[in-house]
Amino acid sequence: SEMKRTQMYFIKCFSSRTSKSTHFQAVGLFTGDMRQFGEWVKRQVFIIQLLDCVLRGVAQVMFVNNPLSGLLVVIGLFVQNPWWALNGLLGTAGSTVSAVLLRLNREAVLAGLHGYNGALVGLLMAVFSAKGTWYGWLLAPNLFMSMLCPIVSSALSSVVSRWDLPVFTLPFNILVCSHIAATGSTHPYFPVLHLHQNNSFENLSLPQLFLSVPVGVGQVFGCDSPWTAGLILLALLLCSPTICFHAILGSAAGMCVGLVLAAPHMDVYSGMWGYNSVLSCIAVGGVFYALTWQTHVLALICAFFCAYMTSAISKLMSVLALPACTWPFCLSTLIFLLLSSENPAMCRLPLSSVSYPEENRVQSK
């Protein structure tokens, strides 16, 4: 009887371990980059592949290669404004189809790397439009500009690839600024909102200050809804807790710099000081560098530097009646990626092997 009890004990232990490992495997199917699902999609018809590419392209704005994360972001965009979300999806699809027609690298297309700039182009063209929502004629320039994204991206890539650097959101910056400069606020068909700096100050509100941190993450997509920001953070957490943490950290850093530089409180509350720092902190904090405590500190420094760049570039661009977009993120992060250090703990990963931070850390060991 004692032997039977011992056998039963070991059987229970083994079965519990097996069930735990099964649960972990099931969770792994939906987290990270969903590689197994991606392999399945490659064998499906074009429409399913396109849908997967669009969702991954939306998520790749935040360096996330996960279609479920992209779906959560899309839901968040519809919560903010259905018209904006529709334009963002059209931009992503147009950019992806353009990359397919140009026969650009298939793996990059399937990973959504030729969709995220189109997503931002479509989304921000709708955000900056003075015609308001459901102005159908905007879809035409939206589709045209988004289909130019792979061309601009490929051209820039041929230059920055000499230093093994990504193009980031430079195509989005170039194309949206070109559209706004070409049309302006007085255009009869495609007028843009008149951009002006807010110089009004209000009493500091701690609840609004606290809320500005997640809202700063949502402002990467031009959204100021806390509900949208919450869904975007959930999307980041699903793929990578490290990315989610650095997004919050970067937004908090941008908020602090905004307060130090005596920015109008409404600008700080709306998250406008945080979104560039969010992207910079994520990029350096585990995506393009293997995550160590040294690169974690470097990511925080980059986030602070990016916030200062945001202030400077915003003032320079306002002279031309143009938005800062993500120019501060691109310039500051490229500077930090060009850092030459002999410290082995601050190792920049080859562009071809970049994945999500947890995978990068495993691969770099």
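Here the structure is a predicted model, which means the values were calculated and not measured. (Residues numbered from 1 in each chain as written. Predicted model: local features only at pLDDT ≥ 70, side-chain atom pairs only at ≥ 80, totals over all residues. Heavy atoms only, no water.)

**So, the overall build of the chain**
As a reminder of what qualifies: For the purposes of this entry, the term helix denotes a DSSP run of H or I that reaches at least four residues, the term strand denotes a run of E that reaches at least two, and both are numbered from the N terminus. In this treatment the radius of gyration is a C-alpha quantity, and the globule benchmark scales as 2.2 Å times the residue count to the 0.38 power. Three labels apply to residues, based on accessible area from a 1.4 Å probe with only protein chains included: buried if under 20% of the type maximum, exposed if over 50%, partly exposed otherwise in between. Any pair of residues with heavy atoms lying within 4.5 Å of one another is described as a contacting pair. His is not counted, nor are the chain ends; Lys and Arg add positive charge and Asp and Glu add negative charge. Here the site of a charge means NZ on Lys, CZ on Arg, CG on Asp, or CD on Glu.
Secondary structure summary: the chain contains 17 helices and 0 strands in total. Here the C-alpha radius of gyration of the chain, 22 Å, is about what a compact globule of 365 residues would show, namely 21 Å. Each principal axis of the C-alpha distribution contributes one length, and for the chain these read about 90 × 50 × 40 Å. For the chain, the proportion of its 365 residues judged to be buried stands at 51%. Considering only intrachain contacts with a sequence separation of at least 6, the fraction spanning at least 24 residues in the chain is 75%. For the chain, the distance from the average site of its 17 positive side-chain charges to the average site of its 12 negative ones is 9 Å.

**As for the side chain of S69**
The residue S69 is located in helix α4 (residues 67-80) in this model. Those residues in contact with S69, other than ones at most four positions away along the chain, are A59, V64, A235, L238 and C239.

**Brief notes about the UniProt feature "site: Important for channel permeability" (unreviewed entry) in the chain**
For clarity, the threshold we go by: UniProt positions are given in the numbering used here, feature names are shortened, and annotations may be inferred rather than shown by experiment. Pairs of N or O atoms are called polar contacts if they sit within 3.5 Å, as long as, within protein, a hydrogen donor faces a hydrogen acceptor (for residues adjacent in sequence, only side-chain-to-side-chain pairs).
Following the UniProt record, the feature "site: Important for channel permeability" (unreviewed entry) maps to T326 here. With respect to the helices, strands and loops of the structure, T326 is situated in the loop between α15 (293-319) and α16 (327-337). Its relative accessible area of 4% is what places T326 among the buried residues. Discounting chain neighbours no more than four positions away, the residues touching T326 are T169, F172, N173, Y275, N276 and L279. At a separation of 2.6 Å, a polar atom in the side chain of T326 contacts the side chain of T169.

**Notes on helix α11 (residues 226-239)**
Which entries qualify depends on this criterion: Expected span of a helix, by definition, is 1.5 Å for each gap between consecutive residues, and there is one gap fewer than residues.
Between the first and last C-alpha of α11 there are 20 Å, a value that for 14 residues agrees with the 20 Å anticipated at 1.5 Å per step. Check the buried side of α11 and you find it contacts α4, α10 (206-218) and α12 (241-260). The N-terminus of α11 is capped by S225, whose side-chain oxygen sits 3.3 Å from the backbone nitrogen of W227.

**Description of the packing of aromatic side chains**
Each aromatic ring pair is summarised here by two numbers: the centre-to-centre distance and the angle between the ring planes. Put simply, the test is: Note on aromatic contacts: the rings of Phe and Tyr and the six-membered ring of Trp form a pair at centre separations within 6.5 Å, being stacked when their planes are under 30 degrees apart, edge-to-face when over 60 apart, and tilted otherwise.
Taken as a whole, this structure holds 9 aromatic pairs when the rule is applied. Note on F63 and F329: the rings are 6.1 Å apart at their centroids and 65° apart in plane angle, and the pair reads as edge-to-face. Within this pair, whereas F63 is found in the loop between α3 (46-59) and α4, its partner F329 is found in helix α16, the two being separated by 266 residues in sequence. There is no split in this pair, since F63 and F329 are both buried. For the ring pair W83 and W134, a centre distance of 5.1 Å and an interplane angle of 50° mean the geometry is tilted. Of this pair, W83 sits in helix α5 (residues 82-101) while W134 sits in the loop between α7 (116-128) and α8 (139-160); the two residues are 51 residues apart in sequence, bridging distant segments of the chain.

**Thoughts on the packing of α3 against α4**
The condition that has to hold: To define axes, lines are fitted to C-alpha atoms, for helices over the stretch in contact only, and angles between the resulting N-to-C directions are given on a 0 to 180 degree scale. Any angle from 65 to 115 degrees is called roughly perpendicular, while one under 35 is roughly parallel, one over 145 is roughly antiparallel, and all others are oblique. Three classes are used, and their members are as follows: Ala, Val, Leu, Ile, Met, Phe, Trp, Tyr, Cys and Pro are nonpolar, Asp, Glu, Lys and Arg are charged, and the others, Gly among them, are polar.
Packing of α3 against α4 brings their axes to within 7 Å, and their N-to-C directions diverge by 70°. Comparing the axis directions of α3 and α4 gives the class roughly perpendicular. Between α3 and α4, the residues in contact are D52, L55, R56, V58 and A59 and P67, S69, G70, L71, V73 and V74, respectively. A class-by-class count of the residues in the contact of α3 with α4 yields 7 nonpolar, 2 polar and 2 charged.

**With respect to the pattern of salt bridges**
Condition: Salt bridge, as used here, is a side-chain nitrogen of Lys or Arg placed within 4 Å of a carboxyl oxygen of Asp or Glu.
Applying the stated rule across the entire model yields 4 salt bridges. Among the salt bridges present, the one from E107 reaches K42, with a minimum N-O distance of 3.2 Å. With E107 in helix α6 (residues 106-110) and K42 in the loop between α2 (35-41) and α3, this pair connects stretches of sequence that are 65 residues apart. Its relative accessible area of 23% is what places K42 among the partly exposed residues.

**Quick look at the nonpolar core**
The criterion, for reference: Throughout, nonpolar core names a set of buried Ala, Val, Leu, Ile, Met, Phe, Trp, Tyr and Cys residues whose side chains join them through atoms within 4.5 Å.
The biggest cluster of nonpolar side chains holds 81 residues, and the ones touching the most others in it are M62, F63, F221 and L236. Among the elements that make up this core, the one with the highest residue count is α7 (10 residues). Apart from the residues lying within four places of it in its own chain, the contact partners of M62 are V217, V220, F221, I232, L236, I243, V278, L279 and I282. Core analysis: the second largest hydrophobic core is formed by 9 residues, L209, V213, M255 and A263 among them.

**Topic: the side chain of T169**
Along the polypeptide, T169 turns up in the loop between α8 and α9 (170-183). Exposure remark for T169: the relative accessible area of 3% places this residue in the buried category. With near-sequence residues (within four places) excluded, T169 lies in contact with Y116, N117, L120, T326, F329 and C330.

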